[in-house]
Amino acid sequence: MRHTYRAKYIGYVDDVEILFWARLARKLDRAVVRLGGEGRLAAVEAKGASAPPAESQRGLYATALQPVPIYSDKPVARLEEVLGLECVDEVYGVFEGDIFKVRMVDFGLGFSEVCRRRWPMLKALPQGTVLRLKSTCRDVAAIGIFSEIGFGSLYKV
């Protein structure tokens, strides 16, 4: 029996624009770049800015707009021991009905076309998770172990 994989495909109409705030290591003008692995491409246009949008500079509470990859080498760990959550004071979880539930999801890093195998799976807090940030981290736009490359972006409230 061969390996089977399930995939969901989403199609966007041409006039949809998605805005991401990212700190790039190199200058990127208008280009087509690999995005997300598995042969996916995206047309990207970078516009320079000196500060994050004003709405990202709000309070100490935030909602994760995308999964927040984290790592811990222990099965149970305190919040300070989890790599990627250094700026988080408390995790409330995803709001379901009338209560918050802390959930974890598996976060796949895609497929390596060169090595012909899947990249590892990590644990992540799902999008929609409500967090309280530390007062020393008011200016962060993303958290998690891949926040430098844009994963784990936050909407502050």
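Cut-off values and rules
Residues numbered from 1 in each chain as written. Predicted model: local features only at pLDDT ≥ 70, side-chain atom pairs only at ≥ 80, totals over all residues. Heavy atoms only, no water. Helix = DSSP H or I, 4+ residues; strand = E, 2+ residues; numbered from the N terminus. Buried < 20%, exposed > 50% of the residue type's maximum accessible area, 1.4 Å probe, protein only. Contact = heavy atoms within 4.5 Å. Polar contact = N/O pair within 3.5 Å; in protein donor to acceptor, adjacent residues only side chain to side chain. Phe/Tyr/Trp six-rings, centres within 6.5 Å; stacked < 30°, edge-to-face > 60°. 1 Å grid on protein atoms, 1.4 Å probe; cavity = no way out; pocket = protein on both sides within 12 Å on 5 of 7 lines; lining within 4 Å. Points joined across faces, edges and corners; volume = space filled by probe spheres on them. Nonpolar A, V, L, I, M, F, W, Y, C, P; charged D, E, K, R; others polar. Pairing = 2+ DSSP bridges. Axes fitted to C-alpha atoms, helices over the stretch in contact; angles between N-to-C directions. Core = buried A, V, L, I, M, F, W, Y, C linked by side-chain atoms within 4.5 Å.

A. Fine view of the environment of Gln-127. Mapped onto the elements, Gln-127 comes out in the loop between strand E10 (121-125) and strand E11 (130-133). Residue Gln-127 is classed as partly exposed on the basis of its relative accessible area of 46%. Between the C-alpha atom of Gln-127 and that of Pro-67, which follows or precedes it by 60 residues, the distance is 4.8 Å. When neighbours within four sequence positions are excluded, Gln-127 is seen to be in contact with Ala-64, Leu-65, Gln-66, Pro-67 and Val-94.

B. Main features of the side chain of Thr-129. Mapped onto the fold, Thr-129 is located in the loop between E10 and E11. Looking at Thr-129, its side chain comes within polar contact range of the main-chain oxygen of Pro-126, at 2.6 Å. Filtering out sequence-adjacent residues up to four positions away, Thr-129 remains in contact with Ala-62, Thr-63, Ala-64, Val-91, Gly-93 and Val-94.

C. Representation of the packing of aromatic side chains. Enumeration over the complete set of coordinates arrives at 5 aromatic pairs. Measuring from ring centre to ring centre gives 6.1 Å for Tyr-92 and Phe-100, while their planes differ by 50°; the resulting arrangement is tilted. A residue is classified by how much of its surface remains accessible, and Tyr-92, at 23% relative accessible area, is partly exposed. With a relative accessible area of 41%, Phe-100 lands in the partly exposed category. Here the aromatic rings of Phe-107 and Phe-151 are separated by 5.5 Å at their centres, their planes lie at 85°, and the arrangement is edge-to-face.

D. Main features of the layout of surface pockets. Size it by volume and the second largest pocket reaches roughly 310 Å³. Of the residues contributing to the lining of the second largest pocket, the split by class is 11 nonpolar, 1 polar and 3 charged.

E. Looking closely at the sheet that holds strand E4 (residues 68-70). Ordered in space as E4-E10-E7, the 3 strands form an open sheet in which the pairing is antiparallel. Each edge of the sheet is formed by a strand with only one pairing partner; in this case those strands are E4 and strand E7 (105-108). Going across the sheet, the axis of each strand differs from the next one's by a mean of 55°, ignoring polarity. Bridge count for E7 against E10 is 4 bridges, and the pairing is antiparallel. Paired with Val-105 across the two strands is Ala-124, which belongs to E10.

F. Molecular detail of the environment of Leu-60. Within the secondary structure, Leu-60 is located in the loop between strand E2 (41-44) and strand E3 (61-64). Separated by 28 residues in the primary sequence, Leu-60 and Val-88 have C-alpha atoms spaced 9.5 Å apart. Leave out the neighbours within four places in its chain, and Leu-60 touches Leu-131, Arg-132, Leu-133, Lys-134, Ser-135, Arg-138 and Val-157.

G. A look at the nonpolar core. In terms of nonpolar packing, the biggest core is built from 16 residues, with Val-68, Leu-85, Val-88, Leu-131, Val-140, Ile-143 and Leu-154 touching the most fellow members. Listing elements by their share of this core, those giving two or more residues are E3, E4, strand E5 (88-96) and E11. The contact partners of Val-88, leaving out residues within four places of it in the chain, are Leu-79, Leu-131, Arg-132, Leu-133, Lys-134 and Ile-143.

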